[in-house]
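# Structural description and commentary
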Amino acid sequence: MTPGEIHGKTLSELRRGRRDMMSAEWLTGVKDLPEADRTAAAMALLDVCLAIRRLENTRVADIRRELIENEKELERGLRDLGRAGEKLHRIKTYLKAATALAAAVGKVVNP
């Protein structure tokens, strides 16, 4: 993929993840979790939102090299989040995938 394609696909998937994590199905599943898991879910949503904001505020040209260097990790994160989204009721699996993708974005776009 080109850096622009990686950037666009990552943003698209993160936005879908944010939408999923704000859905009624997600919120219903999270409310019954122990407090530590609810906190982890909130932190994962924050990580996803921050990753979106960072990518939105960064020009592809400015992070071209980082996108290329981290392409495999970003693709793995995109794939895993997509798979987890198919089973949204498995909250812990989804949290892990969302957090991993947000962390990969963090390697590309420095805070």
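Residues numbered from 1 in each chain as written. Predicted model: local features only at pLDDT ≥ 70, side-chain atom pairs only at ≥ 80, totals over all residues. Heavy atoms only, no water.

What the chain contains, in helices and strands, is 6 helices and 0 strands. Each helix (α) and strand (β) of the chain, taken in turn from the N terminus, gives the series α-α-α-α-α-α. Since a compact globule built from 111 residues should have a radius of gyration of about 13 Å, the 14 Å found for the chain is in line with a globular shape. In terms of overall dimensions, the chain has C-alpha extents of about 45 × 25 × 20 Å along its principal axes. Summed over its atoms, the accessible surface of the chain is roughly 6500 Å², and 52% of this surface lies on carbon and sulfur atoms. Of the charged side chains in the chain, 21 are positive and 17 negative, and the gap between their average positions amounts to 1 Å. (Helix = DSSP H or I, 4+ residues; strand = E, 2+ residues; numbered from the N terminus. Rg over C-alpha atoms; globule rule 2.2 N^0.38 Å. Areas by Shrake-Rupley, 256 points an atom, 1.4 Å probe, with all protein chains shown as cover. Lys, Arg positive; Asp, Glu negative; His and termini not counted. Charge placed at Lys NZ, Arg CZ, Asp CG, Glu CD.)

Attention now moves to the packing of helix 1 (residues 3–21) against helix 4 (residues 60–69). At their nearest, the axes of helix 1 and helix 4 sit 9 Å apart, and the two run at 90° to each other. One way to sum up the angle between helix 1 and helix 4 is to call them roughly perpendicular. Across the interface between the two elements, Pro3, Gly4, Ile6 and His7 from helix 1 touch Val60, Ile63, Arg64, Leu67 and Ile68 from helix 4. Of the residues belonging to the contact of helix 1 with helix 4, the class tally is 6 nonpolar, 2 polar and 1 charged. (Axes fitted to C-alpha atoms, helices over the stretch in contact; angles between N-to-C directions. Parallel < 35°, antiparallel > 145°, perpendicular 65-115°, else oblique. Contact = heavy atoms within 4.5 Å. Nonpolar A, V, L, I, M, F, W, Y, C, P; charged D, E, K, R; others polar.)

Okay, the packing of helix 1 against helix 6 (residues 91–108) next. Contact geometry of helix 1 with helix 6 gives a least axis separation of 11 Å together with a crossing angle of 145°. Note on packing geometry: the crossing formed by helix 1 with helix 6 is left-handed. Residues Thr10, Glu13, Leu14, Arg16, Gly17, Asp20 and Met21 of helix 1 form the contact with helix 6, whose own contacting residues are Tyr94, Leu95, Ala98, Leu101 and Val105. Of the residues in the contact of helix 1 with helix 6, the class split is 7 nonpolar, 2 polar and 3 charged. (Left-handed = near helix turned anticlockwise from the far one by under 90°.)

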